[in-house]
Amino acid sequence: MKRLWIIIALLFVFVLTSSVLVACIDMNEDTIIYDITQEKISTQVSVTLDKIKITLKSVESDVGNATVNVVAVKAYEYLEGEKQLYGLSSEKLSADDETLVIGNYKLGTEDTIEIDRYDNEFDRLYSKYYVVYEGKILRGPIYATDIKAISNAVPQFDIKSKKGILG
(Lines give C-alpha, C1' and ligand atoms only; values in the text may rest on other atoms or scores of the structure.)
Protein backbone atom coordinates (compact mmCIF):
# COMPACT_ATOMS: atom_id res chain seq x y z
CA MET A 1 0.00 0.00 0.00
CA LYS A 2 2.88 2.32 0.80
CA ARG A 3 4.38 1.69 -2.65
CA LEU A 4 1.09 2.63 -4.29
CA TRP A 5 1.07 5.99 -2.51
CA ILE A 6 4.67 6.65 -3.56
CA ILE A 7 3.85 5.84 -7.21
CA ILE A 8 0.76 8.09 -7.11
CA ALA A 9 2.81 10.90 -5.53
CA LEU A 10 5.53 10.55 -8.20
CA LEU A 11 2.92 10.60 -10.99
CA PHE A 12 1.32 13.70 -9.46
CA VAL A 13 4.70 15.46 -9.27
CA PHE A 14 5.50 14.45 -12.87
CA VAL A 15 2.16 15.76 -14.20
CA LEU A 16 2.49 18.98 -12.21
CA THR A 17 6.04 19.73 -13.39
CA SER A 18 5.30 18.88 -17.01
CA SER A 19 2.28 21.19 -17.06
CA VAL A 20 4.34 24.00 -15.53
CA LEU A 21 7.05 23.51 -18.17
CA VAL A 22 4.52 23.58 -21.00
CA ALA A 23 2.99 26.78 -19.62
CA CYS A 24 6.39 28.48 -19.33
CA ILE A 25 7.67 27.63 -22.82
CA ASP A 26 7.30 30.51 -25.28
CA MET A 27 5.65 29.80 -28.62
CA ASN A 28 7.95 28.60 -31.35
CA GLU A 29 8.94 31.07 -34.12
CA ASP A 30 6.78 29.17 -36.61
CA THR A 31 3.75 28.89 -34.36
CA ILE A 32 0.67 30.56 -35.76
CA ILE A 33 -3.01 30.17 -35.13
CA TYR A 34 -4.67 29.48 -38.48
CA ASP A 35 -8.08 30.57 -37.22
CA ILE A 36 -7.02 34.22 -37.34
CA THR A 37 -9.93 36.48 -38.16
CA GLN A 38 -9.45 39.83 -39.84
CA GLU A 39 -10.12 41.69 -36.58
CA LYS A 40 -7.22 40.09 -34.68
CA ILE A 41 -4.64 42.11 -36.65
CA SER A 42 -5.35 45.82 -36.49
CA THR A 43 -4.03 47.95 -39.33
CA GLN A 44 -3.92 51.54 -40.49
CA VAL A 45 -2.49 52.95 -43.71
CA SER A 46 -1.45 56.61 -43.53
CA VAL A 47 -0.41 58.59 -46.60
CA THR A 48 1.66 61.79 -46.71
CA LEU A 49 3.03 63.72 -49.66
CA ASP A 50 5.88 61.26 -50.30
CA LYS A 51 5.52 58.30 -47.86
CA ILE A 52 3.06 55.57 -46.93
CA LYS A 53 3.07 54.18 -43.38
CA ILE A 54 1.40 50.87 -42.63
CA THR A 55 0.88 50.37 -38.89
CA LEU A 56 0.20 46.80 -37.74
CA LYS A 57 -0.71 45.63 -34.24
CA SER A 58 -1.75 42.26 -32.80
CA VAL A 59 -1.67 40.31 -29.53
CA GLU A 60 0.57 37.23 -29.40
CA SER A 61 -1.94 35.14 -27.46
CA ASP A 62 -4.49 35.69 -30.27
CA VAL A 63 -2.30 35.23 -33.34
CA GLY A 64 1.00 33.60 -32.38
CA ASN A 65 4.41 35.08 -33.09
CA ALA A 66 5.41 34.01 -36.59
CA THR A 67 6.94 36.45 -39.06
CA VAL A 68 4.57 37.25 -41.92
CA ASN A 69 4.86 39.23 -45.15
CA VAL A 70 3.12 42.49 -45.95
CA VAL A 71 2.19 42.56 -49.63
CA ALA A 72 1.07 45.39 -51.93
CA VAL A 73 -0.86 44.94 -55.17
CA LYS A 74 -2.41 47.44 -57.53
CA ALA A 75 -6.11 48.15 -57.09
CA TYR A 76 -7.09 46.14 -60.17
CA GLU A 77 -5.01 43.06 -59.24
CA TYR A 78 -6.10 40.16 -57.03
CA LEU A 79 -4.30 37.64 -54.82
CA GLU A 80 -5.00 33.93 -54.77
CA GLY A 81 -7.26 33.24 -51.83
CA GLU A 82 -8.99 36.61 -51.95
CA LYS A 83 -12.65 36.02 -51.28
CA GLN A 84 -14.08 38.74 -53.51
CA LEU A 85 -13.11 38.96 -57.14
CA TYR A 86 -14.92 41.87 -58.72
CA GLY A 87 -13.36 43.83 -61.52
CA LEU A 88 -11.69 43.61 -64.86
CA SER A 89 -8.72 41.39 -64.10
CA SER A 90 -9.24 37.65 -64.13
CA GLU A 91 -5.57 36.90 -63.40
CA LYS A 92 -4.75 36.07 -59.78
CA LEU A 93 -1.31 36.78 -58.38
CA SER A 94 0.38 34.32 -56.04
CA ALA A 95 0.49 35.47 -52.42
CA ASP A 96 3.95 33.84 -52.22
CA ASP A 97 5.36 36.12 -54.96
CA GLU A 98 8.41 37.81 -53.39
CA THR A 99 8.22 40.76 -55.82
CA LEU A 100 4.98 41.89 -54.13
CA VAL A 101 6.43 41.90 -50.59
CA ILE A 102 7.04 45.39 -49.17
CA GLY A 103 8.02 44.33 -45.65
CA ASN A 104 7.86 41.77 -42.86
CA TYR A 105 5.86 41.88 -39.64
CA LYS A 106 6.23 39.75 -36.51
CA LEU A 107 2.81 38.78 -35.22
CA GLY A 108 2.06 39.69 -31.62
CA THR A 109 3.87 43.04 -31.81
CA GLU A 110 3.23 46.60 -32.92
CA ASP A 111 5.25 47.73 -35.92
CA THR A 112 5.23 50.28 -38.74
CA ILE A 113 6.36 49.69 -42.30
CA GLU A 114 7.24 52.81 -44.27
CA ILE A 115 7.53 52.82 -48.07
CA ASP A 116 7.81 55.47 -50.78
CA ARG A 117 4.45 56.68 -52.02
CA TYR A 118 5.44 56.54 -55.69
CA ASP A 119 6.80 53.44 -57.41
CA ASN A 120 8.09 54.77 -60.73
CA GLU A 121 4.98 56.56 -62.02
CA PHE A 122 2.44 54.58 -59.97
CA ASP A 123 0.87 56.17 -56.88
CA ARG A 124 0.65 53.53 -54.14
CA LEU A 125 -2.16 55.48 -52.50
CA TYR A 126 -4.50 53.34 -54.61
CA SER A 127 -2.84 50.00 -53.75
CA LYS A 128 -4.33 47.20 -51.69
CA TYR A 129 -2.24 45.81 -48.83
CA TYR A 130 -2.36 42.32 -47.34
CA VAL A 131 -0.82 40.43 -44.42
CA VAL A 132 0.17 37.00 -45.81
CA TYR A 133 1.63 33.84 -44.23
CA GLU A 134 2.73 30.92 -46.43
CA GLY A 135 0.36 31.90 -49.22
CA LYS A 136 -2.65 32.41 -46.91
CA ILE A 137 -4.19 35.86 -46.54
CA LEU A 138 -4.48 36.69 -42.83
CA ARG A 139 -5.63 40.30 -43.24
CA GLY A 140 -6.71 42.29 -46.23
CA PRO A 141 -7.37 43.94 -48.49
CA ILE A 142 -6.37 47.03 -46.55
CA TYR A 143 -6.71 50.47 -48.15
CA ALA A 144 -5.29 53.88 -47.27
CA THR A 145 -7.71 55.66 -44.94
CA ASP A 146 -5.62 58.39 -43.30
CA ILE A 147 -4.66 60.66 -46.20
CA LYS A 148 -2.99 63.99 -45.51
CA ALA A 149 -4.38 66.78 -47.67
CA ILE A 150 -1.94 68.67 -49.89
CA SER A 151 -3.61 71.95 -49.01
CA ASN A 152 -5.64 72.97 -45.97
CA ALA A 153 -7.44 75.72 -47.87
CA VAL A 154 -11.22 75.62 -47.73
CA PRO A 155 -12.94 76.87 -50.88
CA GLN A 156 -15.16 79.92 -50.38
CA PHE A 157 -18.32 80.08 -52.43
CA ASP A 158 -20.29 83.29 -52.94
CA ILE A 159 -23.69 81.86 -53.78
CA LYS A 160 -26.53 84.35 -54.31
CA SER A 161 -29.38 81.85 -53.93
CA LYS A 162 -30.18 78.57 -52.26
CA LYS A 163 -29.88 76.50 -55.43
CA GLY A 164 -27.12 78.50 -57.07
CA ILE A 165 -29.26 79.47 -60.06
CA LEU A 166 -28.67 83.22 -59.72
CA GLY A 167 -24.93 82.90 -59.88
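For the structure itself, look to the data block above.
Numbering of residues starts from 1 in each chain and follows the order in which that chain's sequence is written. At least 70 in pLDDT is required for a residue's local features to be given in this predicted model, at least 80 for side-chain atom pairs to be given and counted, and no such filter applies to totals for whole chains, interfaces and linings, which use all residues. Heavy atoms throughout the structure, all of them, feed into the side-chain values; hydrogens and water do not.

1. Examining the pairing of strand β1 (residues 41-47)
The side chains of a regular strand alternate between the sheet's two faces. Rules: Pairing between two strands is assigned when DSSP locates at least 2 bridges connecting them. Each helix is a run of DSSP H or I of at least 4 residues and each strand a run of E of at least 2, with the numbering of both proceeding from the N terminus.
Sheet topology places β1 next to strand β2 (residues 51-58); 7 bridges connect them, and they run antiparallel. Among the inter-strand pairings, Val45 is bridged to a residue of β2, identified as Ile54. Between β1 and β2, which pair antiparallel in sequence order, lie 3 residues. Pairing analysis gives 2 bridges linking β1 to strand β12 (residues 146-147), with the strands arranged parallel. The residue of β12 that forms the bridge with Ser46 is Asp146.

2. Regarding the nonpolar core
Rules: The nonpolar core is taken to be a set of buried Ala, Val, Leu, Ile, Met, Phe, Trp, Tyr and Cys residues, with the residues joined through side-chain atoms within 4.5 Å. For each residue, the accessible area found with a 1.4 Å probe, counting protein chains only, is set against the maximum for its type, and the residue is called buried under 20%, exposed over 50%, and partly exposed in between.
Core analysis: the largest hydrophobic core is formed by 23 residues, its most contacted members being Ile41, Leu56, Leu107, Tyr129 and Leu138. Of all the secondary-structure elements, those providing two or more residues to this core are β1, β2, β3 (67-73), β7 (110-116), β10 (128-133) and β11 (136-142). The next biggest cluster of nonpolar side chains, apart from the first, holds 9 residues, and it includes Val73, Ala95, Leu100 and Ile137.

3. Things to note about the sheet that holds β10
Quick note on the threshold: Interaxial angles span 0 to 180 degrees and are taken between N-to-C directions of axes, which are lines fitted to C-alpha atoms, for helices over the stretch in contact.
In space, the 4 strands of this open sheet follow the order β6-β3-β10-β11, with antiparallel pairing throughout. Sheet topology places β6 (101-106) and β11 at the edges, where each strand pairs with a single neighbour. Neighbour-to-neighbour, the strand axes of this sheet turn through a mean angle of 25°, independent of strand direction. Alignment of β3 against β6, held across 5 bridges, turns out to be antiparallel. Paired with Val71 across the bridge in β6 is Val101.

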